[in-house]
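Coordinate analysis (summary)
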Amino acid sequence: MKKSLLPFAVSITSGAIAASIFLASLENPTDIQKQLSTTSNAIAVAGTTAIFGLLDEDDEKDDDATNDK
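This section reports on the structure supplied with the text. Everything quoted here is computed from the prediction, not taken from an experiment. Every residue gets a number counted from 1 within its own chain, in the order that chain's sequence is written. Reporting in this predicted model follows two pLDDT cut-offs: at least 70 for local features of residues, and 80 or more for side-chain atom pairs to be given and counted; totals over whole chains, interfaces and linings ignore these cut-offs and use all residues. Excluding hydrogens and water, the side-chain values take into account all heavy atoms of the structure.

Quick word on the overall build of the protein
From N to C terminus, the protein includes two helices and zero strands. Split into buried and exposed, the 69 residues of the protein put 17% on the buried side. Carbon and sulfur atoms provide 62% of the accessible area of the protein, an area that totals close to 5300 Å². In DSSP terms, a helix is any run of H or I states spanning at least four residues, a strand is any run of E spanning at least two, and both are numbered starting from the N terminus. With a 1.4 Å probe rolled over the protein chains alone, any residue whose accessible area is under 20% of its type maximum counts as buried; one over 50% counts as exposed, and the rest are partly exposed. The accessible surface values rely on the Shrake-Rupley method and a 1.4 Å probe; as for residues, cover is taken only from the protein chains in view.

Right under this line is the structure:
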């Protein structure tokens with residue numbers, strides 16, 4: 001199940017990063033755009049953390065399978 005979550009986490013995180021970069025490039029953002037930028041930054045950070053967590057859990061399973069043999 002976690003392998004199916006990894007592509008989902010990567011796509012959501014990539015979208016948040018793209019939105020964040022776009023909003024950061026605006027010259028005079030409105031208050032709503034500033035709030036959206038803050039939200040997309042938070043999603044990008046949380047997504048990056050989730051990606052590394054999912055990758056780390058896969059490594060632990062591989063180590064356990066190797067030790068069982």
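On we go from here.
Looking at the side chain of Ser-37
Considering the arrangement of structural elements, one finds Ser-37 in helix α2 (residues 31–68). A relative accessible area of 15% means that Ser-37 is categorised as buried. For Ser-37, the contacting residues outside a window of four places in its chain are Ser-20 and Leu-23. In this description, contact between two residues means that some pair of their heavy atoms is separated by no more than 4.5 Å.

Brief notes about a nonpolar patch on the surface
Candidate patch residues must exceed 30% relative accessible area and have no salt bridge, after which like charges are joined if within 9 Å and Val, Leu, Ile, Met, Phe, Trp or Tyr side chains if within 5 Å. Should a side-chain nitrogen of Lys or Arg be within 4 Å of a carboxyl oxygen of Asp or Glu, the pair is scored as a salt bridge. On the surface, a cluster of nonpolar side chains totalling about 360 Å² of accessible area is made up of Leu-5, Phe-8, Ile-12 and Ile-43. Broken down by element, the nonpolar patch gets its largest block of residues, three residues, from helix α1 (residues 2–24). The residue Phe-8 is located in helix α1 in this model.

Here's the deal with the environment of Leu-6
Along the chain, the position of Leu-6 falls in helix α1. With residues up to four places along the chain from it excluded, the contact list for Leu-6 reads Ile-51, Leu-54 and Leu-55.

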